[in-house]
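What follows is the residue order along each chain.
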Amino acid sequence: MLKEPHVGAPRSRVDGRAKVTGEAKYAAEFPAPGLAHGHVVSGAIARGRITGIDTTAACAVPGVLEVFTHENRPRTAWFDYKHRDEVAPPGSPFRPLYDETILYSGQPVALVVAEDSGTARHAASLVRVEYEAGAHETDLLRAREDAYVPPKRRSGISPPPKPRGDAVAALAEAPLRVEAEYRIATEHHNPMEMHATTVVWEGGGKLTVHDKIQGVLNSQGYICNVFGLSKEDVRVVSPFVGGAFGSGLRPQYQLFLAVMAALALKRSVRVVLTRDQMFTFSHRPETINQVALGAAADGMLRAIRHDAIGATSRFEDHQEVVVNWSGLLYHCDNVELGYKLAQLDIHTPADMRAPGAPLGVFALESAMDELADKAGIDPLELRLKNYAETDENEGKPYTSKELRAAYRLGAERFGWSRRSAAPRSMREGRELVGWGLASGVWEAQMQQTSARAVLTADGRLEVATATADIGTGTYTILAQIAADAFGLPMESVTVRIGDSSLPKSPIEGGSWTAASAGSAVQAACHAVRETLFRHARGAEGSPLGNADLDHVAFVDGRIVLAADPDRGIGLIEAMRAGGAERIEHEQTASPDKANQKRYSSYTHSAIFAEVRVDEELGVLRVTCIVTAVAAGKILNPKTARSQVIGGVVWGMGMALEEETLADHRLGRFMNHNLAEYHVPVNADVHDIDVIFVEEQDSRTSPIGVKGLGEIGIVGTAAAIANAIHHATGKRIRDLPITLDKLLERPPAERAR
Ligand code: MOS
């Protein structure tokens, strides 16, 4: 049998036109008759309690319908667990307007609902809140003293593996040692679309809810549990999501507030958060890493220790996989990894694009660069020397791992062999030039997902599943998979997603949607094909009379004999012959349990970065990134490339710009806007070259896909930091690497 190509057809987004024309509707854009508008009042202290709320002035504004606070809110579920959503970490979820307790700065303390949004916003500014402040702590550097190992409760997050060998002894004996601390600042998600919910009051106790969410079923379940409603009465419809990156995995407080107000007022209500309020929930936790590497003189790793502390809230144990990567990226017999949390008076952090991985991998891959320096070995050679053939954390083989090829192809494209080893040895004009590299790794997962396919006698195909498209290209790849199954043009396919009435799908996250929803859509299409094929074979004078499904091909709207493609029958003709107006099948695709048990599955990348630094001004540019990604089958290289580029740009943000700064005296994030919270803009982004390495993987998912939404960010910050060291000789272990850190002179030099 011929090997299938590892890259599919480069298709443009099927939803592109709807998006650029404004036809695509987002949560805050759905109309409803008699729509009322809510504006959130955000709290001002980090910890304590509300001693009084005066809403008189706000209520007196013409057009104001109601001001909800903890004092007058309608009753909701009493028990804590009812407020837990599908992906809640262990702990007690935040319950908006629950009581007078203040848990973090920016906490919603009131919702003003008015006839129009301007009135609501104005009236919200008139709500007077009095507090009794308690002592708070928002500084991880102080709270780290009280860090604790999260109790073993079901969190869905793999804890660090058990130690192997004796890392402490091996480290003590190692001829070469690197020991250092690496830190990454708090980051906020900042998708283009602000979080918003429009609740449409349908009458008869029924609600249609348009929510900014990465999984409509998660919002539906949450609403039903919290407000005691039945699933028949609550439909969540969110066909488009304007970016989310993890901030939309869990229902956020605007959903609660909008539903609460709609039920109380018995009318439609919309609540949209402002850009500042996007900094009042959901962020990547500030994380401290301590890494120690021990190696022989030739660079062979003898010991790896990696301990991390991540920030969490006082009420939930948000956990991430930060250190485990250090036990699997390289072969090493003595490994000890640890992960702790430290509580702060902040909102619970959230998963943010590749949660945990870019943090831990930044630390490990920076330390590997430091080791290469000490050993006098090329950083690429050091990685190849210590290449891990198997997952040594789990003692399992990989479903596939083409990282070696990624290193080779990336290095060739980048021109790595022309690098001169010594720091500060490459210069062009007034700029120092630096070349650095790092490895990237992310889990390749598949989740059980159901999908429906319907073929109608007009030659149209509809596929449907409840999953979301958060801008990743889900609509497009599902249309492609469905079209390919029948040899139909993509224009003949309609994809329906983002609706809780559709077949069941998990949240869109973890880079698993293409593998999961894609496999489900393909399974549903194959079931329709079987029925169709029976009709085709039964048609009078059918040339397929003696064939079975393995011997035919679906090409250009026809079913033909694979061996003799001139002989066949049209899809519509076959349906007519069978008297079928429509053929409909629902199928569920599940990961292969036996494979999951036997193998580990990860995507990998090799990232090469070039930076140019003007030392006098501290100005730094990332002039080139080459990333070679091994992620199994690439369904659509166009949308896939966009995903990886997006991840790389995020990595640039992590390396150089993004940090949410708190004033610890106030316990408050201060740069809560896009003027002061910097993300890379077009002027920051130069050449990004994405290579898709050929990787055949038949075990992760039925369609050979391993997922791409997150791998692009992992390792990118490390490659840039390593390039900065190569350019300047400065090792900066504290992200982001801002101008002040670049300009800071070493103490010895300052003394001169
Ligand atoms: Mo992702 S951080 O699972 O949206």
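All values reported here derive from a predicted model rather than from experimental measurement. (Residues numbered from 1 in each chain as written. Predicted model: local features only at pLDDT ≥ 70, side-chain atom pairs only at ≥ 80, totals over all residues. Heavy atoms only, no water.)

A. Molecular detail of a nonpolar patch on the surface. Together, W78, F79 and Y81 make up a nonpolar patch on the protein surface, roughly 430 Å² of accessible area in all. With respect to the helices and strands, the residue Y81 is situated in the loop between β3 (64-68) and β4 (101-102). The class of Y81 is exposed, set by a relative accessible area of 53%. (Patch = residues over 30% accessible without salt bridge, like charges linked within 9 Å, V, L, I, M, F, W, Y side chains within 5 Å. Areas by Shrake-Rupley, 256 points an atom, 1.4 Å probe, with all protein chains shown as cover. Salt bridge = Lys/Arg side-chain N within 4 Å of Asp/Glu carboxyl O. Helix = DSSP H or I, 4+ residues; strand = E, 2+ residues; numbered from the N terminus. Buried < 20%, exposed > 50% of the residue type's maximum accessible area, 1.4 Å probe, protein only.)

B. Inspection of the sheet that holds strand β18 (residues 431-443) at higher detail. Here five strands make up an open sheet; going across it, the order is β17-β18-β26-β27-β30 and the pairing mixed. At either margin of the open sheet sits one strand with a lone partner, and together these are β17 (427-428) and β30 (687-692). Note: strand β26 (residues 602-614) against strand β27 (residues 619-630), 11 bridges, orientation antiparallel. From the neighbouring strand, V613 faces β27, where its bridge partner is L620. Set on the sheet, helix α11 (residues 403-414) makes contact with β18, β26, β27 and β30; between it and β26 the angle comes to about 25 degrees. With respect to the sheet, helix α17 (residues 716-728) is in contact with β18, β26 and β27, its orientation differing from that of β18 by roughly 155 degrees. (Pairing = 2+ DSSP bridges. Contact = heavy atoms within 4.5 Å. Axes fitted to C-alpha atoms, helices over the stretch in contact; angles between N-to-C directions.)

C. The arrangement of the sheet that holds strand β16 (residues 335-343) in detail. With mixed pairing, the five strands of this open sheet are ordered in space as β16-β15-β14-β7-β31. With one partner strand each, in any of the chains shown, β16 and β31 (734-735) form the two edges of the open sheet. Of the pairings in the sheet, the one linking strand β7 (residues 176-184) to strand β14 (residues 287-295) comprises nine bridges and is antiparallel in character. By the bridge assignment for β14, R177 is matched with G294. Contacting β7, β14, β15 (301-312) and β31, helix α9 (residues 357-375) runs over the sheet at an angle of about 150 degrees to β7.

D. Focus on the packing of aromatic side chains. Enumeration according to the criterion identifies 19 aromatic pairs in this entry. Measuring from centroid to centroid gives 6.0 Å for Y182 and F362, while their planes differ by 90 degrees, and the two rings are edge-to-face. Of this pair, Y182 sits in strand β7 while F362 is found in helix α9, placing the two residues 180 residues apart along the sequence. Where Y253 meets F281, the ring centres are 6.0 Å apart and the plane angle is 80 degrees; that geometry is what we call edge-to-face. With Y253 in helix α7 (residues 253-265) and F281 in the loop between β12 (269-272) and β13 (283-284), this residue pair connects regions lying 28 residues apart in the sequence. Of the two residues, Y253 and F281, both sit in the buried class. These aromatic residues form a ring-pair network of at least three members: W325, Y398, W442 and Y602. Taking the ring centre of W650 as reference, the NZ or CZ of R353 above it sits at 5.6 Å. Its end group placed over the ring of Y387, R404 keeps NZ or CZ at 4.1 Å from the ring centre. (Phe/Tyr/Trp six-rings, centres within 6.5 Å; stacked < 30°, edge-to-face > 60°. Lys NZ or Arg CZ within 6 Å of the ring centre and 35° of its normal.)

E. Fine view of the pattern of salt bridges. Across all of its chains, the model carries 40 salt bridges by this definition. With a closest N to O distance of 3.9 Å, R142 and D139 form a salt bridge. The exposure class of R142 is partly exposed, given its relative accessible area of 48%.

F. Quick peek at the side chain of D15. Structurally, D15 can be placed in the segment before α1 (16-21). Note on D15: relative accessible area 4%, which makes it buried.

G. Just the domain arrangement of the protein, in detail. Annotation of the protein at the domain level lists domain 1 (16-22 + 447-590), domain 2 (36-135 + 189-279) and domain 3 (354-445 + 598-742). Between the C-alpha centres of domain 1 and domain 2 there is a distance of 39 Å. Listed per partner, the contact involves 18 residues of domain 1 and 21 residues of domain 2. Here domain 1 meets domain 2 over a buried area of about 1,400 Å², counting both sides, of which 60% is carbon and sulfur. On the domain 1 side of the contact with domain 2, I470, S500 and I507 bury the most area, a combined 44% of that side's loss. Among the salt bridges present, the one from R235 reaches D499, with a minimum N-O distance of 2.5 Å. At the junction of domain 1 and domain 2, the tally comes to five residue pairs in polar contact (both at pLDDT 80 or more). (Domains from an automatic or database assignment. Buried area = accessible area lost by both parts, 1.4 Å probe. Polar contact = N/O pair within 3.5 Å; in protein donor to acceptor, adjacent residues only side chain to side chain.)

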